[in-house]
Amino acid sequence: MEHVVAEIRRDHIANIIRDGKRVDGRGFDDYRPITIETDIGHKADGSALVKMGDTQVMAGIKLLLGQPFSDMPNSGVLTTNAELRPGASPTFEAGPPKPPTVEIARVVDRGIRESGAIDVDKLCITEGELCWIVFVDMHVLDYSGNLFDAGMLSSMAALLDTRLPKVEDGKIIYGEKTNNKLPIANKPVETTFAKIGSGVVLDPNLDEERVMDARLTVATDKSGDMCAMQKGGEGTFTPDEIFETVERGAKKAKELQKLLKD
Amino acid sequence: MKVGTPEKFIVKGKRLDGRAPDEIRPIKIEAGVLKRADGSARVEWGGNIAVAACYGPREVHPRHMAKPDKAVLRINYNMAPFSVSDRKRPGTDRRSMEISKVTSEALEPVVFTHLYPNTAIDVFVEILNAAAGTRCTGITAASVAIADAGIPMKDLVPACAAGKVGGEIVVDLCDIEDNFGEADLPMAIIPRTGDISLLQMDGNFTPSEFKKAFEMAKTGCEQVYKVQMDALRNKYGKME
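Read on for an overview of the structure. None of the values given here were measured: they were computed from a predicted structure.

Section: the overall build of chain B
Working step 1: On a plain count of helices and strands, chain B comes out with four helices and twelve strands.
Working step 2: The globule rule puts the C-alpha radius of gyration for 240 residues at 18 Å, and the 18 Å found for chain B is close to it.
Working step 3: The principal-axis extent of the C-alpha atoms belonging to chain B is close to 55 × 40 × 35 Å.
Working step 4: Every one of the 240 residues in chain B was classed for burial, and the buried ones make up 54%.
Working step 5: The long-range fraction of contacts in chain B, counting pairs at least 24 apart against all pairs at least 6 apart in sequence, stands at 68%.
Working step 6: Here chain B displays about 10,900 Å² of accessible surface, and carbon together with sulfur accounts for 53% of that area.
Working step 7: The positive charge centre, built from 33 side chains, and the negative charge centre, built from 32, are 2 Å apart in chain B.

Let's talk about empty space enclosed by the protein
Working step 1: On inspection of all chains with the given rule, the structure shows one cavity of 30 Å³ or more.
Working step 2: Counted as a void, the largest cavity has a volume near 30 Å³.
Working step 3: Residue lining of the largest cavity: Arg85, Gly87, Ala88, Val140 and Leu141 of chain A together with Leu34, Val51, Ala53 and Glu126 of chain B, and that is the complete set.
Working step 4: For the lining of the largest cavity, the secondary-structure elements that each account for two or more residues are strand S6 (130-142) of chain A together with strand S5 (48-58) of chain B.

Points about the sheet that holds strand S11 (residues 214-220) of chain A
Residue and element names in this part refer to chain A.
Working step 1: Judged by pairing direction, the sheet is antiparallel, and its four strands sit side by side in the order S10-S9-S11-S12 without closing on themselves. Each edge of the open sheet carries a strand with a single partner, namely strand S10 (199-202) and strand S12 (226-232). Strand-to-strand twist in this sheet, taken as the mean axis angle between neighbours without regard to direction, amounts to 20 degrees.
Working step 2: Against the sheet, helix H2 (residues 99-114) contacts strand S9 (189-196), S11 and S12, and its axis sits at roughly 165 degrees relative to S12.

Focus on helix H1 (residues 94-107) of chain B
All names here are of chain B.
Working step 1: When the terminal C-alpha atoms of H1 are compared, their 20 Å separation across 14 residues agrees well with the 20 Å that a helix rising 1.5 Å per residue should span.
Working step 2: Residues of H1 that are buried include every one of Ser96, Ile99, Ser100, Val102, Thr103, Ser104, Ala106 and Leu107, and no others.
Working step 3: The elements touched by buried residues of H1 are strand S6 (72-79), helix H2 (134-148), strand S10 (183-190) and strand S11 (195-199).

Describing the sheet that holds S5 of chain B
All names here are of chain B.
Working step 1: The strand order across the open sheet built from five strands is S3-S4-S5-S7-S6, with neighbouring strands paired in mixed fashion. The open sheet has two free edges, formed respectively by strand S3 (27-31) and S6, since each of these has just one partner strand. Averaged over all pairs of adjacent strands, the angle between their axes in this sheet comes to 15 degrees, without regard to strand direction.
Working step 2: Relative to strand S7 (residues 120-129), S6 runs parallel, the two sharing eight bridges. Across the sheet, residue asparagine 76 finds its bridge partner in S7, namely phenylalanine 124.
Working step 3: Taken strand by strand, helix H4 (residues 207-236) contacts S3 and strand S4 (39-45), and its axis lies near 35 degrees from that of S3.

Remarks on the nonpolar core
Residue and element names in this part refer to chain B.
Working step 1: Counting 62 residues, the largest nonpolar core has Cys54, Ile75, Val111, Val123, Val125 and Ile146 as the members making the most contacts within it.
Working step 2: Counting residues per element, this core draws most heavily on H4, which supplies nine residues.
Working step 3: With sequence-adjacent residues up to four places away left out, valine 123 is seen in contact with Ala52, Ala53, Cys54, Arg74, Ile75, Asn76, Ala142 and Ile146.

Examining a nonpolar patch on the surface
Working step 1: A contiguous nonpolar surface patch, about 320 Å² in accessible area, is contributed by Ile196, Leu199, Met201 and Phe210 of chain B.
Working step 2: Looking at the element boundaries, leucine 199 of chain B is found in strand S11.

A look at the environment of valine 167 of chain A
All names here are of chain A.
Working step 1: Within the secondary structure, valine 167 sits in strand S7 (residues 163-168).
Working step 2: Take valine 167: its relative accessible area is 33%, and that puts it in the partly exposed class.
Working step 3: Residues within four places of valine 167 in sequence aside, it is in contact with Leu65, Trp132 and Ile172.

A word on the interface of chain B and chain A
One frequently used descriptor of interface size is the decrease in accessible area upon assembly of the parts.
Working step 1: On the chain A side, the residues contacting the 29 residues of chain B number 32 residues.
Working step 2: Of all residues in chain B, Arg36, Phe82 and Arg87 of chain B give up the largest surface area on contact with chain A, accounting jointly for 32% of the area buried on that side.
Working step 3: Summed over the shared surface of chain B and chain A, the number is four salt bridges.
Working step 4: With its nearest N and O atoms 2.8 Å apart, the salt bridge here joins arginine 87 of chain B to aspartate 137 of chain A.
Working step 5: Seen at the junction of chain B and chain A, the total is 19 residue pairs in polar contact (both at pLDDT 80 or more).
Working step 6: Those elements that place two or more of their residues in the side of chain B that touches chain A are S5, S6 and S7 of chain B.

The rules we used
Residues numbered from 1 in each chain as written. Chains lettered and ligands numbered in written order. Predicted model: local features only at pLDDT ≥ 70, side-chain atom pairs only at ≥ 80, totals over all residues. Heavy atoms only, no water. Helix = DSSP H or I, 4+ residues; strand = E, 2+ residues; numbered from the N terminus. Rg over C-alpha atoms; globule rule 2.2 N^0.38 Å. Buried < 20%, exposed > 50% of the residue type's maximum accessible area, 1.4 Å probe, protein only. Contact = heavy atoms within 4.5 Å. Areas by Shrake-Rupley, 256 points an atom, 1.4 Å probe, with all protein chains shown as cover. Lys, Arg positive; Asp, Glu negative; His and termini not counted. Charge placed at Lys NZ, Arg CZ, Asp CG, Glu CD. 1 Å grid on protein atoms, 1.4 Å probe; cavity = no way out; pocket = protein on both sides within 12 Å on 5 of 7 lines; lining within 4 Å. Points joined across faces, edges and corners; volume = space filled by probe spheres on them. Pairing = 2+ DSSP bridges. Axes fitted to C-alpha atoms, helices over the stretch in contact; angles between N-to-C directions. Expected span 1.5 Å × (residues − 1). Core = buried A, V, L, I, M, F, W, Y, C linked by side-chain atoms within 4.5 Å. Patch = residues over 30% accessible without salt bridge, like charges linked within 9 Å, V, L, I, M, F, W, Y side chains within 5 Å. Salt bridge = Lys/Arg side-chain N within 4 Å of Asp/Glu carboxyl O. Buried area = accessible area lost by both parts, 1.4 Å probe. Polar contact = N/O pair within 3.5 Å; in protein donor to acceptor, adjacent residues only side chain to side chain.

Structure (structure tokens):
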């Protein structure tokens with residue numbers, strides 16, 4: 001199901017962006033208010049609920065024991081998954097994941113993986129035989145735009161919140177957590193910009209996301225390096241817009257990283 | 001006896017989590033927690049966390065499910081992968097299909113579906129943390145979400161379970177009691193009429209035990225009902 005946006009609304013959003021303003025009164029580089037709540041449910045090994053304006057994403061971490069991949073016998077395994085639950089928007093439907101869902105999961109996965117956010121070598125227990133498998137599950141509860149940034153932030157907050165479960169004889173003892181954290185080596189965040197007419201704005205809200213021509217997500221690690229990027233939407237960016245956006249993204253990334261507590 | 005069964009479930013009148021046999025776990029309900037849904041609710045009950053989102057009345061998809069004389073009420077129960085000890089594979093399984101069905105049937109009697117023929121009222125229940133009693137938490141949440149969506153209802157539907165642990169009848173089973181207990185009786189009632197709209201049972205009860213458990217679950221439901229009403233009053237009571 002598609003959501004229809006009135007032509008007049010579309011024009012209005014684009015027009016005021018041309019005048020340097022936004023529909024909700026924010027500046028071009030402003031996030032909506034962000035809150036991060038961790039340790040939501042005790043069954044998850046780590047969890048976080050991120051609210052970014054009216055968008056709500058909960059991420060939960062489950063740790064399982066399994067076998068390392070044969071080409072990486074000394075490393076643990078990371079799996080990232082997203083679910084756009086039908087309760088989060090009247091336009092979402094139940095069923096197998098659709099391309100937008102897979103895209104969110106994969107872009108967040110790349111941000112975590114490529115930045116080395118988890119030191120996967122420390123997740124190996126016995127070479128080639130036993131390692132930790134880290135499941136990052138993003139559960140979108142309320143969709144009001146910009147799931148990439150909220151999804152990434154909730155995933156990192158949940159990973160930082162994670163405590164390893166107790167293990168005896170190669171088996172997990174559920175319900176007994178240790179004080180050991182995951183080996184977190186980096187704090188990547190993602191910043192997403194929407195191009196609407198002539199302007200490029202950070203953290204598109206629902207209205208802006210519906211009318212945007214194109215989208216650019218930049219993942220930045222704690223040293224300010226880029227670790228992933230994704231362009232989306234049917235429109236295009238000019239090279240100058242890209243360079244400028246990456247720079248703006250790196251600046252905002254520092255603010256987001258401050259919200260992630262160790 | 002299953003491995004890990006506690007030696008005693010009740011010591012000096014107190015259960016493993018310190019409750020009396022007829023005491024339900026702390027429950028907190030908030031209405032209107034989601035922006036995009038037409039109505040929503042969040043229920044925290046013991047360790048359970050459920051968020052329900054309601055849409056409708058709206059167009060029915062797939063169309064052949066539409067009923068010419070009333071709205072179809074569809075409750076979809078879904079567990080988050082991280083809500084349980086062993087990660088749950090995302091998606092529908094037989095258990096969640098059954099719970100979705102009995103939950104829909106538990107709420108159907110109170111919703112004025114005949115006012116909205118050829119439409120759907122959809123409720124999506126997300127279990128974010130499971131600690132025994134998720135279907136009761138889900139029904140409790142779904143019912144507040146439908147009310148929050150402004151859909152006419154005869155009453156709210158609270159749910160609560162009772163069961164048997166170590167030979168004793170107790171209300172609102174916790175995780176260990178649920179795993180190692182001898183019986184479980186989840187129930188939903190329509191408080192204004194006293195009718196029962198959901199009743200399931202597994203395990204073993206004598207007739208007198210069943211009667212006792214039934215009464216306990218009913219009393220539990222009545223307590224939950226008050227919290228549901230307060231949640232709606234908190235959101236709408238102050239409105240002009």
